[in-house]
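Spelled out from the first residue to the last, the chains are:
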Amino acid sequence: MTVVNAQDQEIQEKISLLKKALSKTKSEQKKVDLLNELSRFEMQEGACKMAVLHAHKAEKLAQKSHYTKGLTSAYVSLAAAYRDCGADKKLFYYSEKGLKNLKINTNYSDEAFLYFQLGDYYSGKGEKEKSKEYLQKGITLSEKTDDLVLQANLHSFLANLYSQEAKYSDATQHFTKALALYKKSDKTSKIAWTAGNAGLLNYWQGNRVVALRHFNLSLEKYIESNNQEGIIWICGQLGNLYRSIKDFDKALAYFNRVLALNKKLGKKLEEGDSYLLLAGLYFEKKDIAKSNEILEKANRIFEEYNDTIGLHGVYGQLGANHFEQKKYDLALEALNKQIEISKKIDTYRKLIHAQKLVGAIYIETGRIKEGEELLNKTFDYFVANDEKQSLPFVYTYLVKADSIKGDYKSAFEHYKKLVEYRELTKETKGDTEKLAIRYEFEKKEVVAKAELKTKQIQRNVAMLGLVVTFLILIVVFFLFRLRNKKIKIEKENIALSKREVERIVETEQFKVRLLANISHEFRTPLTLINGHLEVLEKNGSDEDQMHFQEMKSSSKHLLQLINQLLELSKMESTSYTLNYKTGFIVEETKALVEAFFSLAEQKNIQLKFQQETKQQDPFVFSQEALSIIVSNLLSNAFKFTPDGGTITVDVATKEEFFLLKITDSGTGIAAEHIPYIFDRFFQIDKPSNRTYEGSGIGLALVKELALLHGGKVSVESSIEQGGSTFYVQLKNARMEKQVVAQDTNTVFIQSVENQTYTSSQNKELPLVLVVEDQTELRRFIITNLGDEYRFAEAKNGKEGIQLAEELVPDLIISDIMMPDTSGLILCKTLKENIFTSHVPILLLTAKADQNDKIAGLETGADDYLTKPFSLAELKLRVRNIVRTRQLLRQKFEGTTIPTPDELPELSSRDRELLAQINDSIQHHLSDPQFGVPELADQLYFSSSKLNRKMKSLTGTTPAEYIRNIRLQKAVELLKEGLNVTEAGWEVGFEDAVYFSKVFKKRFGHPPSRVNRVDSCAIK
């Protein structure tokens, strides 16, 4: 009957649950995650082929659904699965792909896991240093995650490498860390294996008490998981430990247990190893005859199976037996055989121990010099690897060698060292060692008693605590009731205040939305008015030009008022943000003032500009705010200053502030009006008796902008004396966040089925889709763009999306604010659709705010035009966008197909798709059956959609594109020396005549000429 331990059963149950979940889910991304998880559990079960199969399914599904995170996990799963299957090349390939993806999508756990795979890969190749480098990287990354098992796996693998290099101290350190992590994760089998190795390393270094603790833990876990091989291994190590402290009875009990288990399991070689353990034990008991008898049994098994490692152990023990019997020739013969095998199987520690005995034999047989050389060599090894228990033997024979040579001074020094190390090793051998071991067995009982006593104390304290707590709760309850009414009243007051604040906020937001919508409604007819004015202006008479200019000026003034009203509302609702720049604010102000010189001359007003100092430091300010403030204040001054008057502008910078003073010689402002002068819509004169034009917005806007800039504004005026002086103070914004608008030009890839739905019969003209809810503006755009394009129309965003997916136009012109579906949603939807994302989109909007422009461009829009717009500008932008797409297609018309890296005008997603197409074709160049259907299957496209996508992107059909790549490769092969038939076969042409025909059509000459002209330019 097969015994399944608890952990194996848990893994099988988890696999079953994952398969059920996989059969039920419909989400492709969820399927990818489930397949990756299933693959990793199958690796734990040892089913590496199934793990590879499911990881590949996850890879293909992730590529199909463009699920980058899932694709990365699939690469990680494939690397691990191929590692378990022993496919090193594929392990390396998928590890590199995984690491490449992780540079974009950071995942410390997956990256650490891949470094673990690479460490294993280079370890298998014998490149230990490179393996350690990758493992150390993995440890550093894994410590940033909560994956304790991964951290432990990395430490244990690195410890194993250090152990192979005989760097036992480093190995012990990493095994200890791994053991602590496995304990936290409660991984029974891992705890058993790691504790066993930690115990073995401590045993080699003479730390027997620590070694015994680890061995007992390991044995406990192996028994718990019913791991017979683990039990055999640890019982052998426990037997060795007890043998080293002369507790032969316990050692014999463990060795006999090992022998019985190996016989029960029918493991002959392991049975031979058990005999070796017993032979060593009887050697320690000085029963050499019994040891030799058991060695003979081991020798017969190892010779029968031709087991080199087993024979290596037999020769080592046989050499020790003969040495003890002073049969030095026989001992030397056996030990030399062991040394010869040690060199072949690369067991350096066993080699050193054999050379230790050989060195002693040389001393005993008079070969002093050779003996000292070997003993000194072994001495260096034992010191370097902290094997103190072997040093007394070395010093014993070094003392003997010095005495034979008559070098008594050196002999005395070596003797002092011998005594010193004997004292050190006594602590781990005699009674002290036995007491420590006895303590390990009795410790559980002592700990149990201590825990019981502690629990009793804790119970008593808990009871007392409950009584005290109960009394406190009663007091708290009465206090709570006393304060309950007061708290309730306070909560009601807070709720009322909160509702009031929310009402005010909602009112302000409503006002901003209302003004934005009104602005949009104004801008659309303004666009039509300005557009028709441009057309009339071109065809009008000279007499009409003055009227046209007045009409344009009025339209411009109306637009300015709309903008000011909208900006003022945004400021008051705190949704307005200033954009800052670093520059010379005095010079900027001077330039703004100079723009009014011509107006001053027309009105016969003297305009002066004065500054305190010419030298100035750079100042961080909002150019937009400064322009509005100066323009509004000067316009106001000109409005109220009579002909022949004076306007003076004084500027200065003081510490962190810019100071602006504008003084006019106008009529002045009454004292009762000054407190309201900066209020919105406030007018000095009554509406029924208006003397001066104005909207009452300008000064309110000046105040809000000054406050936003960290400054203030004030006024001094008098009706009696006449004239007014406005003071503005703006703070240096160097500590503020500088908002910088950035253009974006994000383009993606996609293609859909095409239909003929245009206003023109010429199919060669570019197709422009116009999406606009205002019928008049939509017709105006189509009429005035001219006959250079075909057109399709949609009255809202929803229709626009449908038409774009059906027609795949060359350009989309769309309004932003539309019923049903907005232009931003249209842009985002089409750019995220793999079949329409390459289509350029030009957005039209009445929203003139910089943040609105950025929002539009962030959705992937290629250009942005604010209403009212110039018809000439619209035509130019449309022409440039269409021309850019045509230039891109022309690159594919030459004889050399550009690589994705040579097409910077494409988005990264376009280049990735093109690279994927090129890779698929390159991998199937020699397959004559590989065509458009096969390429479409690899990309998860339909053939028709692939055809439209390639035609739109490159100007060629997929069939032409595949043939062009085949022919380009054929040129390379012909130049390398292949004949025409061979080159044709290599690139998938079975018919040499047909190959020559299409080659000549493509390059203008037959393929047979390529070798003769070699590097000539192909035209």
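Residues numbered from 1 in each chain as written. Predicted model: local features only at pLDDT ≥ 70, side-chain atom pairs only at ≥ 80, totals over all residues. Heavy atoms only, no water.

As annotated in an unreviewed UniProt entry, the protein chain is histidine kinase from Wandonia haliotis. UniProt lists a comment for the protein chain under the heading Catalytic activity (unreviewed entry), and it reads "ATP + protein L-histidine = ADP + protein N-phospho-L-histidine." (UniProt positions renumbered as here; feature names shortened; annotations may be inferred.)

## Structural notes on the overall build of the protein chain
The helix and strand tally for the protein chain stands at 39 helices and 12 strands. Considering only residue pairs separated by 6 or more positions, the protein chain has 63% of its internal contacts joining residues 24 or more positions apart. Carbon and sulfur atoms make up 52% of the accessible area of the protein chain, which totals about 54100 Å². (Helix = DSSP H or I, 4+ residues; strand = E, 2+ residues; numbered from the N terminus. Contact = heavy atoms within 4.5 Å. Areas by Shrake-Rupley, 256 points an atom, 1.4 Å probe, with all protein chains shown as cover.)

## Considerations on the packing of helix α19 (residues 368-384) against helix α20 (residues 391-405)
Put simply, α19 and α20 touch, their axes get as near as 10 Å, and they point 150° apart. Between α19 and α20, the angle falls in the class roughly antiparallel. In terms of crossing hand, the pair formed by α19 and α20 is left-handed. Along the contact surface, α19 presents Ile368, Glu372, Leu375, Asn376, Thr378, Phe379, Phe382 and Val383, while α20 presents Leu391, Val394, Tyr395, Tyr397, Leu398, Ala401, Asp402, Ile404 and Lys405. (Axes fitted to C-alpha atoms, helices over the stretch in contact; angles between N-to-C directions. Parallel < 35°, antiparallel > 145°, perpendicular 65-115°, else oblique. Left-handed = near helix turned anticlockwise from the far one by under 90°.)

## A few points about the UniProt feature "modified residue: 4-aspartylphosphate" (unreviewed entry) in the protein chain
In the numbering used here, UniProt assigns the feature "modified residue: 4-aspartylphosphate" (unreviewed entry) to Asp815. Along the chain, Asp815 falls in strand β10 (residues 811-815).

## A word on the sheet that holds strand β12 (residues 863-866)
Taking strand neighbours across the sheet as the criterion, the 5 strands line up as β9-β8-β10-β11-β12 in an open arrangement whose pairing is parallel. Unpaired on one side and paired on the other, β9 (790-794) and β12 mark the two borders of the sheet. The sheet shows a mean angle of 20° between the axes of neighbouring strands, direction not considered. The sheet contact formed by strand β11 (residues 841-845) and β12 spans 4 bridges and is parallel. Its bridge partner being in β12, Leu844 is matched across the sheet by Leu865. The strands touched by helix α28 (residues 775-785) within the sheet are β8 (767-771), β9, β10 and β11, with β9 carrying the most contacts at an inclination of about 175°. Helix α32 (residues 871-890) contacts β10, β11 and β12 of the sheet and is inclined by roughly 175° relative to β12. (Pairing = 2+ DSSP bridges.)

## Concerning the nonpolar core
Of all hydrophobic cores here, the largest spans 120 residues; its most connected members are Phe215, Leu238 and Phe323. With sequence-adjacent residues up to four places away left out, Phe215 is seen in contact with Gly196, Gly199, Leu200, Tyr203, Ile234, Gln237, Leu238 and Leu241. The next biggest cluster of nonpolar side chains, apart from the first, holds 43 residues, and it includes Leu592, Leu607, Phe621 and Phe678. (Core = buried A, V, L, I, M, F, W, Y, C linked by side-chain atoms within 4.5 Å. Buried < 20%, exposed > 50% of the residue type's maximum accessible area, 1.4 Å probe, protein only.)

## Re the packing of helix α3 (residues 48-65) against helix α4 (residues 68-85)
Across the interface, α3 lies against α4 with an axial gap of 8 Å and an inter-helix angle of 160°. Between α3 and α4, the crossing angle belongs to the class labelled roughly antiparallel. Classified by chirality, the crossing of α4 by α3 is left-handed. On the side of α3, the interface is formed by Cys48, Lys49, Ala51, Val52, Ala55, His56, Ala58, Glu59, Ala62 and Gln63, while α4 contributes Gly70, Leu71, Ala74, Tyr75, Ser77, Leu78, Ala81, Tyr82, Asp84 and Cys85.

## Some remarks on the packing of aromatic side chains
In total, this model carries 17 aromatic pairs according to the counting rule given. Considering the side-chain rings of Phe989 and Phe995, the 5.2 Å spacing of their centres and the 45° angle between planes classify their relative orientation as tilted. Across the pair, Phe995 and Phe989 agree in class, each one buried. Three or more aromatic residues link up through ring pairs in this structure, and these residues are Phe989, Tyr994, Phe995, Phe999 and Phe1003. The side chain of Lys290 reaches across the aromatic face of Tyr282, ending 5.9 Å from its centre. (Phe/Tyr/Trp six-rings, centres within 6.5 Å; stacked < 30°, edge-to-face > 60°. Lys NZ or Arg CZ within 6 Å of the ring centre and 35° of its normal.)

## Overview of the pairing of β11
When you tally the buried positions in β11, you get 5 out of 5 residues, the bulk of the element. Side-chain alternation along β11 places Ile841, Leu843 and Thr845 on one buried face and Leu842 and Leu844 on a second face that is also buried. Across 4 bridges, β10 lies against β11 in parallel orientation. Note on β11: the bridge partner recorded for Ile812 is Ile841. In this region the chain leaves β10, passes through helix α30 (residues 823-832) and returns to the parallel neighbour β11; the handedness of that crossover is right-handed. (Right-handed = clockwise from strand over helix to strand, strands pointing away.)

## Considering a nonpolar patch on the surface
A grouping of Val467, Phe470, Leu471, Ile474, Phe477 and Phe478 is seen on the molecular surface, where their side chains present a nonpolar patch of about 620 Å² in accessible area. In this structure, Phe478 sits in helix α22 (residues 431-539). Owing to a relative accessible area of 53%, Phe478 belongs among the exposed residues under this scheme. (Patch = residues over 30% accessible without salt bridge, like charges linked within 9 Å, V, L, I, M, F, W, Y side chains within 5 Å. Salt bridge = Lys/Arg side-chain N within 4 Å of Asp/Glu carboxyl O.)

## Notes on the sheet that holds strand β5 (residues 657-664)
One open sheet accounts for 5 strands, arranged β2-β4-β5-β7-β6; its pairing is mixed. Each end of this open sheet is capped by a strand with a single partner; those strands are β2 (606-611) and β6 (712-717). Neighbouring strand axes in the sheet, compared pairwise and without regard to direction, differ in orientation by 15° on average. Taken together, the 8 bridges between strand β4 (residues 646-654) and β5 define a ladder with antiparallel strand orientation. Residue pairing across strands places Ile647 opposite Asp664, the latter belonging to β5. In the packing of helix α24 (residues 585-594) onto the sheet, the strands contacted are β2, β4 and β5, and the crossing angle to β2 comes to about 175°.

## With respect to the confidence of the model for the protein chain
With 84% of its residues at a pLDDT of 70 or more, the protein chain shows a mean pLDDT of 79. In this model, residues 736-760 is a region of pLDDT below 50 whose contacts with residues beyond four sequence positions or in other chains number 90 contacts. Every residue in residues 1013-1019 is under pLDDT 50, and counting partners more than four places away or in other chains gives 9 contacts. (pLDDT = per-residue confidence, 0-100.)

## A word on α4
With 18 residues, α4 extends 26 Å from end C-alpha to end C-alpha; this agrees with the ideal 26 Å at 1.5 Å per step. Among the 18 residues in α4, 13 count as buried, and that is most of the element. At the exit of α4 stands Gly86, carrying a positive phi of roughly 80°. (Expected span 1.5 Å × (residues − 1).)

## A look at the pattern of salt bridges
Taken as a whole and assessed by the stated rule, the structure comprises 26 salt bridges. Between Lys400 and Glu364 there is a salt bridge, and its shortest N-O distance comes to 2.7 Å. With Lys400 in helix α20 and Glu364 in helix α18 (residues 348-364), the pair connects residues that are 36 residues apart, well separated along the chain. The exposure class assigned to Lys400 is partly exposed, which follows from its relative accessible area of 34%. Through salt bridges with shared partners, a single network forms among Glu129, Lys132, Glu165 and Lys167.

## Some words on the pairing of β10
Across the 5 residues that make up β10, a large majority, 5, are buried. Burial of β10 is two-sided: the residues Leu811, Ile813 and Asp815 facing one way and the residues Ile812 and Ser814 facing the other way are all buried. Sheet topology note: the β8/β10 ladder contains 4 bridges and is parallel. Counted as the bridge partner of Val768 is Leu811 from β10.

## As for helix α7 (residues 128-142)
For an α-helix the count is 3.6 residues per turn, leaving residues at separations of three or four pointing the same way. Taking 1.5 Å per residue, 15 residues should reach 21 Å; α7 reaches 21 Å between its end C-alpha atoms and fits that length. Where α7 is buried, its residues contact α6 (108-124), α8 (148-164) and α9 (168-185).

## Remarks on empty space enclosed by the protein
Evaluated as defined, the whole model comprises 2 cavities of 30 Å³ or more. A volume near 30 Å³ is recorded for the second largest cavity. What lines the second largest cavity is simply Pro809, Asp810, His838, Val839, Pro840, Arg885, Arg889 and Ser952. (1 Å grid on protein atoms, 1.4 Å probe; cavity = no way out; pocket = protein on both sides within 12 Å on 5 of 7 lines; lining within 4 Å. Points joined across faces, edges and corners; volume = space filled by probe spheres on them.)

## Details of the environment of Tyr381
Position of Tyr381 relative to the elements: it lies in helix α19. Using a relative accessible area of 6% as the deciding quantity, one classes Tyr381 as buried. Here the alpha-carbon distance between Tyr381 and Ile352, two residues 29 residues apart in the chain, equals 7.7 Å. Look past the residues within four positions of Tyr381 in its chain and what remains in contact with it is Ala166, Tyr168, Tyr348, Arg349, Ile352 and Glu387.

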